[in-house]
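Next come the chains, spelled out residue by residue.
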Amino acid sequence: QVQLVVSGGGLVQAGGSLSLPCAASGRAFSTYAMGWFRQAPGKEREFAATINSSGRSTIYAESVKGRFTISRDNAKNTVYLQMNSLKPEDTAVYYCAARPVVPGQARTFLRDYEYNYWGQGTQVTVSS
């Protein structure tokens, strides 16, 4: 059982920045790959970014590459999504998710069904 608590959402103007922290419970955070997904009104949930358990490898969706940065602090049991140069099309509910992995495993997880635990989501609204 892993609890993920997301914060940092809100309203921001186009071109602005926002940082989303996601804090995880438990003692196994450093063994989880972490992902960020988002869901806009009327659209399916889509992949945004993922980071491996050590934090040494990241993957981004093309739609956010160059603007968003995923990072983690294993000492704080927290993963972050730093969002810069925000656009109105970034408006969505943002979710963080965790996937337990075997230490040393090189798999990547780009689909929502590959994750085991989910945070509650936070609304990000970008005004034009």
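For the structure itself, consult the block above.
The rules we used
- Residues numbered from 1 in each chain as written.
- Predicted model: local features only at pLDDT ≥ 70, side-chain atom pairs only at ≥ 80, totals over all residues.
- Heavy atoms only, no water.
- Helix = DSSP H or I, 4+ residues; strand = E, 2+ residues; numbered from the N terminus.
- Buried < 20%, exposed > 50% of the residue type's maximum accessible area, 1.4 Å probe, protein only.
- Contact = heavy atoms within 4.5 Å.
- 1 Å grid on protein atoms, 1.4 Å probe; cavity = no way out; pocket = protein on both sides within 12 Å on 5 of 7 lines; lining within 4 Å.
- Points joined across faces, edges and corners; volume = space filled by probe spheres on them.
- Nonpolar A, V, L, I, M, F, W, Y, C, P; charged D, E, K, R; others polar.
- Pairing = 2+ DSSP bridges.
- Axes fitted to C-alpha atoms, helices over the stretch in contact; angles between N-to-C directions.

## Quick word on the side chain of Ser53
Part 1 of the reasoning: In this fold, Ser53 is placed in the loop between strand 5 (46-51) and strand 6 (58-60).
Part 2 of the reasoning: Among the residues examined, Ser53 registers a relative accessible area of 19% and is labelled buried.
Part 3 of the reasoning: Each residue touching Ser53, except ones within four places of it in the same chain, is listed here: Ser30, Thr31, Tyr32, Ala33, Arg72, Asn74 and Val101.

## Structural notes on the layout of surface pockets
Part 1 of the reasoning: Within this model, the largest pocket holds a volume of roughly 220 Å³.
Part 2 of the reasoning: What lines the largest pocket is a set of 15 residues, and nearest its centre among them are Asn52, Ser53, Gln105, Ala106 and Arg107.
Part 3 of the reasoning: Breaking the lining of the largest pocket down by element, the ones donating at least two residues are strand 5 and strand 6.
Part 4 of the reasoning: Looking at the lining of the largest pocket residue by residue, the class counts come to 6 nonpolar, 8 polar and 1 charged.

## Describing the sheet that holds strand 1 (residues 4-6)
Part 1 of the reasoning: The strand order 1-3-8-7 describes an open sheet built from 4 strands, whose pairing is antiparallel. Unpaired on one side and paired on the other, strand 1 and strand 7 (68-73) mark the two borders of the sheet. Looking at each pair of strands side by side, their axes are set apart by 15° on average, direction ignored.
Part 2 of the reasoning: Examined bridge by bridge, strand 3 (residues 18-24) and strand 8 (residues 78-83) share 6 bridges and lie antiparallel to one another.

## As for unusual backbone geometry
Note on backbone geometry: most residues besides glycine have negative phi, and most peptide bonds are trans.
Part 1 of the reasoning: Located in the positive-phi region is Asn77, a residue other than glycine, with phi close to 55°.
Part 2 of the reasoning: As for its position among the elements, Asn77 is in the loop between strand 7 and strand 8.
Part 3 of the reasoning: Even without being a glycine, Ser85 presents a positive backbone phi close to 50°.
Part 4 of the reasoning: Counting through the fold element by element, Ser85 comes out in the loop between strand 8 and strand 9 (92-100).
Part 5 of the reasoning: A relative accessible area of 42% means that Ser85 is categorised as partly exposed.

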